[in-house]
Amino acid sequence: MKIIQVVGRSNSGKTTFIRNLIPELKKKGRVGVIKHLGDHDFVLEDGKDTTFFFEAGADITSGIDVHKTVMAIHNNTLDETLHAYLTYGIDFAVIEGYKEREYAKIVIGSLEIDQCILRNPTIREVIQSIDRFNDFSQKN
(Lines give C-alpha, C1' and ligand atoms only; values in the text may rest on other atoms or scores of the structure.)
Protein backbone atom coordinates (compact mmCIF):
# COMPACT_ATOMS: atom_id res chain seq x y z
CA MET A 1 0.00 0.00 0.00
CA LYS A 2 1.35 3.42 -0.95
CA ILE A 3 1.26 6.17 1.65
CA ILE A 4 0.58 9.58 0.15
CA GLN A 5 1.01 12.12 2.90
CA VAL A 6 -0.28 15.66 2.39
CA VAL A 7 0.83 18.38 4.81
CA GLY A 8 0.65 22.14 5.07
CA ARG A 9 -0.51 24.92 7.31
CA SER A 10 -4.15 25.34 8.29
CA ASN A 11 -6.31 26.57 5.39
CA SER A 12 -3.57 25.94 2.83
CA GLY A 13 -5.81 23.81 0.59
CA LYS A 14 -4.89 20.29 1.75
CA THR A 15 -8.46 19.02 1.87
CA THR A 16 -9.34 20.46 -1.53
CA PHE A 17 -6.19 18.92 -3.00
CA ILE A 18 -7.04 15.51 -1.53
CA ARG A 19 -10.64 15.72 -2.78
CA ASN A 20 -9.28 16.24 -6.30
CA LEU A 21 -6.63 13.51 -5.91
CA ILE A 22 -9.03 10.77 -4.80
CA PRO A 23 -10.81 10.24 -8.17
CA GLU A 24 -7.48 9.92 -9.99
CA LEU A 25 -6.12 7.43 -7.45
CA LYS A 26 -9.40 5.48 -7.69
CA LYS A 27 -8.57 4.80 -11.34
CA LYS A 28 -5.54 2.83 -10.07
CA GLY A 29 -6.95 1.09 -6.99
CA ARG A 30 -8.73 1.36 -3.66
CA VAL A 31 -8.26 4.60 -1.73
CA GLY A 32 -8.49 5.33 1.99
CA VAL A 33 -8.02 8.72 3.62
CA ILE A 34 -6.88 9.39 7.17
CA LYS A 35 -7.42 12.88 8.57
CA HIS A 36 -5.35 13.91 11.59
CA LEU A 37 -7.89 15.74 13.71
CA GLY A 38 -5.18 17.43 15.75
CA ASP A 39 -6.51 19.15 18.82
CA HIS A 40 -10.22 18.63 18.20
CA ASP A 41 -12.34 15.52 18.67
CA PHE A 42 -14.71 13.84 16.28
CA VAL A 43 -18.01 13.87 18.13
CA LEU A 44 -20.22 10.81 18.19
CA GLU A 45 -23.89 11.76 18.18
CA ASP A 46 -25.46 11.88 21.65
CA GLY A 47 -28.21 9.44 22.43
CA LYS A 48 -27.45 6.99 19.61
CA ASP A 49 -26.94 3.27 20.19
CA THR A 50 -23.52 3.21 18.52
CA THR A 51 -22.39 6.00 20.87
CA PHE A 52 -23.69 4.05 23.89
CA PHE A 53 -21.77 0.95 22.75
CA PHE A 54 -18.56 2.97 22.26
CA GLU A 55 -18.96 4.67 25.66
CA ALA A 56 -19.56 1.27 27.26
CA GLY A 57 -16.09 0.22 26.11
CA ALA A 58 -16.60 -1.74 22.91
CA ASP A 59 -13.24 -1.86 21.12
CA ILE A 60 -14.99 -1.24 17.80
CA THR A 61 -18.54 -0.12 17.22
CA SER A 62 -20.13 0.25 13.80
CA GLY A 63 -23.27 1.66 12.31
CA ILE A 64 -24.42 0.52 8.88
CA ASP A 65 -27.01 2.28 6.77
CA VAL A 66 -28.00 1.78 3.12
CA HIS A 67 -25.00 3.80 1.85
CA LYS A 68 -22.09 3.36 4.26
CA THR A 69 -20.55 1.86 7.37
CA VAL A 70 -19.23 4.18 10.06
CA MET A 71 -16.81 2.80 12.65
CA ALA A 72 -15.44 4.14 15.90
CA ILE A 73 -12.35 2.38 17.27
CA HIS A 74 -10.98 2.83 20.81
CA ASN A 75 -7.31 3.58 21.46
CA ASN A 76 -6.44 3.80 17.80
CA THR A 77 -3.14 4.99 16.35
CA LEU A 78 -2.05 5.90 12.84
CA ASP A 79 -0.17 2.60 12.52
CA GLU A 80 -3.20 0.57 13.66
CA THR A 81 -5.36 2.41 11.13
CA LEU A 82 -2.85 1.76 8.35
CA HIS A 83 -2.83 -1.94 9.24
CA ALA A 84 -6.65 -1.95 9.12
CA TYR A 85 -6.47 -0.33 5.67
CA LEU A 86 -4.15 -3.14 4.52
CA THR A 87 -6.64 -5.71 5.77
CA TYR A 88 -9.39 -3.94 3.83
CA GLY A 89 -7.30 -4.07 0.63
CA ILE A 90 -6.55 -0.37 0.30
CA ASP A 91 -3.92 0.41 -2.35
CA PHE A 92 -3.41 4.12 -1.53
CA ALA A 93 -3.60 5.54 1.99
CA VAL A 94 -3.80 9.31 1.79
CA ILE A 95 -2.86 10.93 5.09
CA GLU A 96 -3.75 14.54 5.81
CA GLY A 97 -1.48 15.80 8.57
CA TYR A 98 0.81 13.85 10.92
CA LYS A 99 3.72 16.11 9.89
CA GLU A 100 6.10 14.41 12.33
CA ARG A 101 5.89 11.05 10.53
CA GLU A 102 8.83 10.06 8.35
CA TYR A 103 6.94 9.47 5.11
CA ALA A 104 7.52 11.16 1.76
CA LYS A 105 5.32 14.24 1.75
CA ILE A 106 3.36 16.48 -0.55
CA VAL A 107 3.51 20.01 0.85
CA ILE A 108 0.68 22.38 0.07
CA GLY A 109 1.75 25.98 0.63
CA SER A 110 5.05 27.27 1.97
CA LEU A 111 5.58 24.99 4.98
CA GLU A 112 9.24 23.98 5.31
CA ILE A 113 9.52 20.35 6.35
CA ASP A 114 11.72 17.29 5.87
CA GLN A 115 10.74 14.52 3.47
CA CYS A 116 9.06 16.93 1.00
CA ILE A 117 9.15 15.32 -2.44
CA LEU A 118 6.49 17.49 -4.10
CA ARG A 119 5.46 21.07 -3.33
CA ASN A 120 2.13 22.43 -4.61
CA PRO A 121 1.98 19.78 -7.32
CA THR A 122 -0.68 19.13 -9.88
CA ILE A 123 -2.69 15.95 -9.53
CA ARG A 124 -0.95 14.66 -12.64
CA GLU A 125 2.48 15.23 -11.06
CA VAL A 126 1.44 13.16 -8.06
CA ILE A 127 0.20 10.30 -10.23
CA GLN A 128 3.42 10.40 -12.28
CA SER A 129 5.49 10.31 -9.05
CA ILE A 130 3.54 7.53 -7.34
CA ASP A 131 6.62 5.27 -7.09
CA ARG A 132 8.40 7.89 -4.98
CA PHE A 133 5.98 7.45 -2.08
CA ASN A 134 6.57 5.05 0.81
CA ASP A 135 5.17 1.55 0.88
CA PHE A 136 3.40 0.27 3.98
CA SER A 137 3.12 -3.47 4.51
CA GLN A 138 2.39 -5.96 7.27
CA LYS A 139 6.09 -5.67 8.23
CA ASN A 140 5.71 -2.02 9.27
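To be clear, the structure that these remarks concern was listed above.
Basis of the calculations
- Residues numbered from 1 in each chain as written.
- Predicted model: local features only at pLDDT ≥ 70, side-chain atom pairs only at ≥ 80, totals over all residues.
- Heavy atoms only, no water.
- Helix = DSSP H or I, 4+ residues; strand = E, 2+ residues; numbered from the N terminus.
- Contact = heavy atoms within 4.5 Å.
- Buried < 20%, exposed > 50% of the residue type's maximum accessible area, 1.4 Å probe, protein only.
- Polar contact = N/O pair within 3.5 Å; in protein donor to acceptor, adjacent residues only side chain to side chain.
- Salt bridge = Lys/Arg side-chain N within 4 Å of Asp/Glu carboxyl O.
- Arc of directions from axis to C-beta.
- Core = buried A, V, L, I, M, F, W, Y, C linked by side-chain atoms within 4.5 Å.
- Pairing = 2+ DSSP bridges.

Comments concerning the environment of L21
And step 1. Residue placement: L21 occurs in helix 1 (residues 14-26).
And step 2. Separated by 14 residues in the primary sequence, L21 and V7 place their C-alpha atoms 14 Å from one another.
And step 3. In contact with L21, not counting residues within four places along its chain, are I4, I123, V126 and I127.

What about the side chain of Q5?
And step 1. Along the chain, Q5 turns up in strand 1 (residues 2-7).
And step 2. On the basis of relative accessible area, Q5 is assigned to the buried category, the value being 0%.
And step 3. A distance of 2.8 Å separates a polar side-chain atom of Q5 from the backbone oxygen of G97.

Section: the pattern of salt bridges
Once the charged atoms of two side chains with opposite charge are near each other, the side chains can pair.
And step 1. One pass over the structure, following the stated rule, counts six salt bridges.
And step 2. The salt bridge involving K35 is made with E96; its shortest N-O contact spans 2.9 Å. Highlighted residues: K35 in strand 2 (residues 31-35) and E96 in strand 5 (residues 92-96), separated in sequence by 61 residues.
And step 3. Judged by relative accessible area, which is 6%, E96 ranks as buried.

Regarding helix 3 (residues 78-87)
Residue pairs spaced three or four apart in an α-helix point in one direction, given the helix's 3.6 residues per turn.
And step 1. Along helix 3, the residues classified as buried are L78, T81, L82 and Y85. In an axial view of helix 3, the angular spread of the buried residues amounts to 100°, which keeps them on one side of the axis.
And step 2. Residues of helix 3 that are buried sit in contact with strand 1, strand 2 and strand 5.

Structural notes on unusual backbone geometry
And step 1. Although it is not a glycine, Y98 adopts a positive phi angle of roughly 55°.
And step 2. A residue is classified by how much of its surface remains accessible, and Y98, at 18% relative accessible area, is buried.
And step 3. Backbone geometry at N120 places phi at a positive 50°, although glycine is not the residue there.
And step 4. Judged by relative accessible area, which is 44%, N120 ranks as partly exposed.

Quick notes on the nonpolar core
And step 1. If you look at the biggest cluster of nonpolar residues, it comprises 18 residues, and the most contacted ones within it are I4, F17, L21, L25 and I106.
And step 2. Looking at this core, the elements that each hand over two or more residues are strand 1, helix 1, strand 5 and helix 4 (123-128).
And step 3. Ranked by residue count, the leading element in this core is helix 1, at four residues.

Digging into the pairing of strand 5
And step 1. Counting buried positions along strand 5 gives five out of five residues, so the element sits mostly inside the fold.
And step 2. Alternating residues of strand 5 divide into F92, V94 and E96 and A93 and I95, and every residue in both groups is buried.
And step 3. Strand direction decides the pairing type here: strand 1 and strand 5, joined by five bridges, are parallel. The residue of strand 5 that forms the bridge with I4 is V94.
And step 4. Pairing analysis gives five bridges linking strand 2 to strand 5, with the strands arranged parallel. Pairing of V31 across the sheet is with F92, part of strand 5.

Note that every value here comes from positions in space, so none of it alone points to a role or purpose.
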